[in-house]
Amino acid sequence: MATSSPVQIQPVETYRNERPIPFCPGCGHSILLDRLDAALRQLQLDPTQVVIVSDIGCVGLSDQYFSTNTFHGLHGRSVAYATGIKLANPDLHVIVLMGDGGVGIGGTHVLNAARRNIGITVLVFNNFNFGMTGGEHSVTTFSDAITASTRSGNLEHPLDVCASVAVNGAGYVYRGSSFDKDLPQQMAAAIAYDGFALMDIWELCTAYFVPNNHFGRKEMLERIESLGMETGVLQHLPANEYSRRLHALTERFAGQDTMPVKALTPAFNSPLDHKFHLIIAGSAGAKVRSAAKAIGYAGVLSGLWATQRDDYPTTVKTGHSISEIILSPEEIRYTGIAKPDALVLLSEDGLKKVRHRLTTMTPDDIFITTPEFADVETAARKMILRPGAGDVRITRTNRSLIVTAAALRLLKLFPIAAYEQAIRRFQARFADENLKVVAASAGLLEE
Amino acid sequence: MSREYVDGATAIARGALRAGCNFYAGYPITPATPILLHMLRELPKVGGIGIQAEDEISAISMCIGAAMTGARPFTATSGPGISLYSENIGLAIMGEVPLVIVDVMRMGPATGGATTTAQGDVQFIRWGTSGGYPIIALAPSSVTECYTLTQRAFDLAERLRTPVFLLPDKELISSMATVDVDEYVDVPVGQRPLVNAPAVSGVSAVTGRPDARLRPEESYLPYDFDPIDGIPPTSPFGGPQITRFTTSSHDEHGFLCKDPEKVGRLNDHLRLKIESRRAEIEMGELVRHPDASTLFISYGTTARAMREAVDIGHQSDQPASGLTLHTLWPLPETLILEAVQGHQRLVVPELNHGQYRHEIEWLIYRHCARNGLVPPEIVGLNRVDGGLITPEQCLQAIS
Ligand SMILES: Cc1ncc(C[n+]2csc(CCOP(=O)(O)OP(=O)(O)O)c2C)c(N)n1
Ligand code: SF4
Ligand SMILES: [Mg+2]
């Protein structure tokens, strides 16, 4: 593979540094680090374009013995850092070294990286236990195995790491052991693969798993067989690498203007000389908020300051939807409403939420609603509107708009043309339909 | 005069884009989701990358990974999600990662009220990861400040190589407000110190001079800070240098290190790089009334009600002063102590049980005790039922 650094002319003789590897005698991790160095030598990757991302555990010490870029992160999260690195710079060769413990706690990252087929290489240093913390069991510990935390034998079933990622879209999957003769070649192939590659490499923790289970090379290789697990390259799909696909998607939008300020220059006049508090109370899913939102735009188009706060349940299509709007000739600081000057009630859901507001209203305030709520108790002046009187068919979704528009005609906060302009500009997709409704709202007042 | 009718989420996303953000990873959560959707939609336009991660742990991990390639990462979440960010916040502090994190405060604890506003994460953000190291947190109290303080957050994160939090509340994020467009004043956003020189064996790419500390594969020391509060220059993964990053206590090479002298110096560095820059980090706005005996100190949405009360008070013979804090962490001690001068009573309105008031109490009581002064009365004005503190409640607290 080509190297991209102009200063590097000599072949890289080693990707290891001079620091002695600290693992226990016979630890499988030491073998795997040697094999990784051999694989990198075969590939002759530019060390500045390689990032070795290590997890936690004994395996998490590994990055320090390489002379490439390195990233030593949190327990189980190595794949997520690697994903971020690869997404931001798809040209990098990102190699994750993680233990079976890391696969357990960070399983979701492994599965999701496989599913995305993001071009990172994950080498699982699988020694069937947590080496660093004293030999506790992990997700890959065999049933019956003795570990520090399963003194009477493990009751849990071991995770088949390869099968889990393979069935979920991993491009390249390999299972083997630290004793595989061709491990450097196999690692090189996995690293050279463009998409997501995972190698589940079984090896020995000589400090814990080996003595606890009278376990050695022979027992390990027999175990692979008795579990019916296949070895070698288990899956090799055409790579359709994720980070490059995402960058390609991105390029389609390059250079477009991003979030320009939508400046409004007043084109209408408002007679309002004081702060006006308006509440619209209806049902979720009935377009209360969009009818309300156009009021704020219309206000600003009429030289006013506007605010709107909404209250609705997390299930956006059922229950109440309350919009509190303030319009003022002066800047508005506090956005809450203590007592509305006008309240538009559209439904039973809305009534439940605003009953306590209606009792605070005085005869100076206006309560606008439809005939079914004519008897609701309030001291406010009542205006009853009859949607359906005009020539537009009333539906669940345009009912809020027609009543709101009629209410605006009554309240005269700004010319209705400002509301129409707001709809044209900010709700362009439904403008034709909505403008018809606004026009028809005049009919509600003729009654 | 041009105005915009807009919500805080839009202003934050726009601020991030103007600040040069080019990487976003997040996970949907009310009320922070609009920021995720804005960033996913807009980043491609500036050649950036946005992704919905599999969970919040992954979201912040991806941001940190991206940051080390030189990207300007950004993420936003709310209570349950910020809780999952915790461990990686520590990693970002330790590895000195520039990262802007928005925590839109909604009512807690736990799932709490997804669509209900609150200001309950103020102390969580300060102490949100193990070890007890400082972070920076800014709190906008208007849509305009959502824009400017987001940019400021990027500036501080980049220049100081540290996670910076933006702490708006749900109310500010989702409510529509009117902004005078002239108030969208861009904040200059700096850059982390970078190593750009080519790699030459034995010569420091930072100083251009031979450096005996360099290892054979190194041409700069990724965690070399001098003076102790200096920001170590860094080289992105993929650049001309080899860079080591680690979550563990480390030496100047980025190797795991237990040497007490080096570890102690590193940990002091992580504290001092923020402490020594308090003057530029501390931000707030004081409205002082010459006849006031009461001073309000508030932040976020609550500061809006407080400011309205101060304005009404001016007109109705109930004089009060008001300090709106834009920086919550580090505690803006100088600003607060200066503002307190001349007031006999302090009122701290906030949508929690008094989390920030406790900070102000110890600051002022300590200050008064040390200087033989009589401390002012300090009272809280608190609400935790999901409703906003009102200007009327503030007015009643003026004496
Ligand atoms: C969040 C978190 N929980 C627990 C630990 C403690 N811990 C350190 S290493 C380790 C297990 C590592 O096991 P494995 O990944 O298999 O690596 P090995 O030591 O076997 O190489 C644990 C649980 C930690 N560092 N972080
Ligand atoms: S404890 Fe086990 S995994 Fe860790 S170094 Fe020793 S043998 Fe290797
Ligand atoms: Mg292990």
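Computed from a prediction, not measured in an experiment: that's the story for all the values here. (Residues numbered from 1 in each chain as written. Chains lettered and ligands numbered in written order. Predicted model: local features only at pLDDT ≥ 70, side-chain atom pairs only at ≥ 80, totals over all residues. Heavy atoms only, no water.)

1. Side note on the overall build of chain B
A tally of helices and strands in chain B yields 13 helices and 17 strands. Taken over the C-alpha trace, chain B has a radius of gyration of 22 Å; the compact-globule value for 399 residues is 21 Å, and the two agree within 12%. Its C-alpha atoms give chain B principal-axis dimensions of roughly 75 × 55 × 40 Å. Each of the 399 residues in chain B was classed as buried or not, and the buried ones make up 67%. In chain B, 77% of the contacts between residues at least 6 apart in sequence involve partners at least 24 apart. The averaged location of the 46 negative side-chain charges in chain B is 4 Å from the averaged location of its 32 positive side-chain charges. (Helix = DSSP H or I, 4+ residues; strand = E, 2+ residues; numbered from the N terminus. Rg over C-alpha atoms; globule rule 2.2 N^0.38 Å. Buried < 20%, exposed > 50% of the residue type's maximum accessible area, 1.4 Å probe, protein only. Contact = heavy atoms within 4.5 Å. Lys, Arg positive; Asp, Glu negative; His and termini not counted. Charge placed at Lys NZ, Arg CZ, Asp CG, Glu CD.)

2. Topic: the coordination of the magnesium ion (ligand 3)
Residues and elements named next belong to chain A. Donor atoms from the polypeptide that coordinate the magnesium ion (ligand 3) comprise Asp 100 (OD), Asn 127 (OD1) and Asn 129 (O), at 2.1 to 2.2 Å from the metal. Written as a sequence motif, the donor arrangement for the magnesium ion (ligand 3) is D-x26-N-x1-N. You can see Asp 100 sitting in helix H3 (residues 100-105) and its partner Asn 129 sitting in strand S5 (residues 129-130), a full 29 residues away along the chain. This pair shows no difference in class: Asp 100 is buried, exactly as Asn 129 is. (Donors = N, O, S within 2.8 Å, 3.2 Å for Na, K, Ca; no water.)

3. Description of the interface of chain A and chain B
Counting residues at the interface gives 72 residues for chain A, matched by 76 residues for chain B. Taken together, the two surfaces of chain A and chain B that pack against each other cover about 6100 Å², and 57% of this comes from carbon and sulfur. Among the residues of chain A in contact with chain B, Met 259, Arg 333 and Tyr 334 of chain A are the three that bury the most area, contributing 14% of the side total. If you look at where chain A meets chain B, you find five salt bridges. Between Glu 308 of chain B and Lys 275 of chain A there is a salt bridge, and its shortest N-O distance comes to 3.1 Å. (Buried area = accessible area lost by both parts, 1.4 Å probe. Salt bridge = Lys/Arg side-chain N within 4 Å of Asp/Glu carboxyl O.)

4. Some remarks on the sheet that holds strand S2 (residues 69-72) of chain A
Read from one edge of the open sheet, eight strands run S9(A)-S7(A)-S8(A)-S4(A)-S3(A)-S1(A)-S2(A)-S11(B), paired in mixed fashion. Looking at strand neighbours, the two that pair on one side only are strand S9 (232-236) of chain A together with strand S11 (244-246) of chain B, the edges of this open sheet. Within this sheet the neighbouring strands show an average axis-to-axis angle of 15°, counted without direction. As paired strands, strand S7 (residues 172-177) of chain A and S9 of chain A are joined by four bridges and run antiparallel to one another. Bridge pairing in S9 of chain A links Val 173 of chain A to Gln 235 of chain A. Here helix H2 (residues 78-88) of chain A sits on the sheet in contact with strand S1 (50-54), S2, strand S3 (93-99) and strand S4 (120-126) of chain A, set at roughly 175° to S3 of chain A. (Pairing = 2+ DSSP bridges. Axes fitted to C-alpha atoms, helices over the stretch in contact; angles between N-to-C directions.)

5. Quick word on the site of ligand 1
Neighbouring residues of ligand 1: 17 residues in total, closest His 29, Cys 58, Gly 101, Gly 131 and Met 132 of chain A. Around ligand 1 the close residues trace back to chains A and B. Contacts to ligand 1 include Cys 58 of chain A, whose backbone N or O atom sits 2.8 Å from an oxygen atom. Interatomic distance of 3.0 Å between a backbone N/O atom of Gly 102 of chain A and an oxygen atom of ligand 1. Taken by itself ligand 1 offers 580 Å² of open surface, and the protein chains cover 77% of this. Every element with two or more residues in the shell around ligand 1 is listed here: H3 and S5 of chain A. Top contributing element to the shell around ligand 1 by residue count: H3 of chain A, with three residues. The residue makeup of the shell around ligand 1, split by class, is five nonpolar, ten polar and two charged. (Near = heavy atom within 4 Å. Polar contact = N/O pair within 3.5 Å; in protein donor to acceptor, adjacent residues only side chain to side chain. Areas by Shrake-Rupley, 256 points an atom, 1.4 Å probe, with all protein chains shown as cover. Nonpolar A, V, L, I, M, F, W, Y, C, P; charged D, E, K, R; others polar.)

6. Considerations on the site of ligand 2
Near ligand 2 you find Phe 23, Cys 24, Cys 27, His 29, Cys 58, Asn 127, Gly 131, Cys 205, Thr 206, Ala 207 and Tyr 208 of chain A, and these make up its full shell. Among the residues forming the shell around ligand 2, the class breakdown is seven nonpolar, four polar and no charged.

7. Re the domain arrangement of chain B
All names here are of chain B. Each domain of chain B was delimited in the assignment, giving domain 1 (3-183), domain 2 (193-259 + 276-281) and domain 3 (283-398). Summed over both partners, the interface of domain 1 with domain 2 buries about 1400 Å², with 65% contributed by carbon and sulfur atoms. Considering only the side of domain 1, the residues that lose the most area to domain 2 are Met 68, Met 94 and Arg 161, jointly responsible for 41% of the buried surface there. Put simply, domain 1 and domain 2 have two salt bridges between them. If you look at where domain 1 meets domain 2, you find five residue pairs in polar contact (both at pLDDT 80 or more). Secondary structure elements with two or more residues in the side of domain 1 that touches domain 2: helix H4 (79-95) and helix H6 (143-160). Looking at the side of domain 1 that touches domain 2 element by element, the count peaks at five residues for H6. Grouping the amino acids of the side of domain 1 that touches domain 2 by side-chain chemistry returns eight nonpolar, three polar and five charged. (Domains from an automatic or database assignment.)

8. Things to note about helix H8 (residues 260-275) of chain B
Residue and element names in this part refer to chain B. Helix length check: H8, at 16 residues, gives a terminal C-alpha distance of 22 Å against a target of 22 Å (1.5 Å per residue), a fit within 8%. Within H8, the axis deviates most sharply at His 269, by approximately 25°. Residues of H8 that are buried make contact with H4, strand S8 (136-138), H6 and helix H9 (278-281). (Expected span 1.5 Å × (residues − 1). Bend = angle between axes of the 7 residues up to and from the residue.)

9. What about the nonpolar core?
For soluble globular proteins, nonpolar side chains are generally found buried alongside one another. Ranked by size, the top nonpolar core spans 88 residues in total, and within it Phe 71 and Ile 120 of chain A together with Ile 64 and Ile 336 of chain B carry the most contacts. Sequence-distant contacts of Ile 120 of chain A, defined by excluding residues within four places in its chain, comprise Val 79, Ala 82, Thr 83, Lys 86, Val 94, Val 96, Ala 113, Gly 195, Phe 196 and Ala 197 of chain A. Ile 280, Ile 368, Phe 414 and Phe 426 of chain A belong to the second largest nonpolar core, which has 48 residues in total. (Core = buried A, V, L, I, M, F, W, Y, C linked by side-chain atoms within 4.5 Å.)

10. Notes on the environment of Asp 432 of chain A
With respect to the helices and strands, Asp 432 of chain A occurs in helix H14 (residues 431-440). C-alpha separation for the pair Asp 432 of chain A and Asp 310 of chain A, spaced 122 residues apart in sequence, amounts to 26 Å.

11. Topic: helix H1 (residues 28-43) of chain A
All names here are of chain A. Helix length check: H1, at 16 residues, gives a terminal C-alpha distance of 23 Å against a target of 22 Å (1.5 Å per residue), a fit within 8%. Each element contacted by the buried residues of H1 is listed here: S1, S3, S4, helix H6 (183-192) and strand S8 (197-202). At the C-terminal side of H1, Gln 44 shows a positive phi close to 50°.

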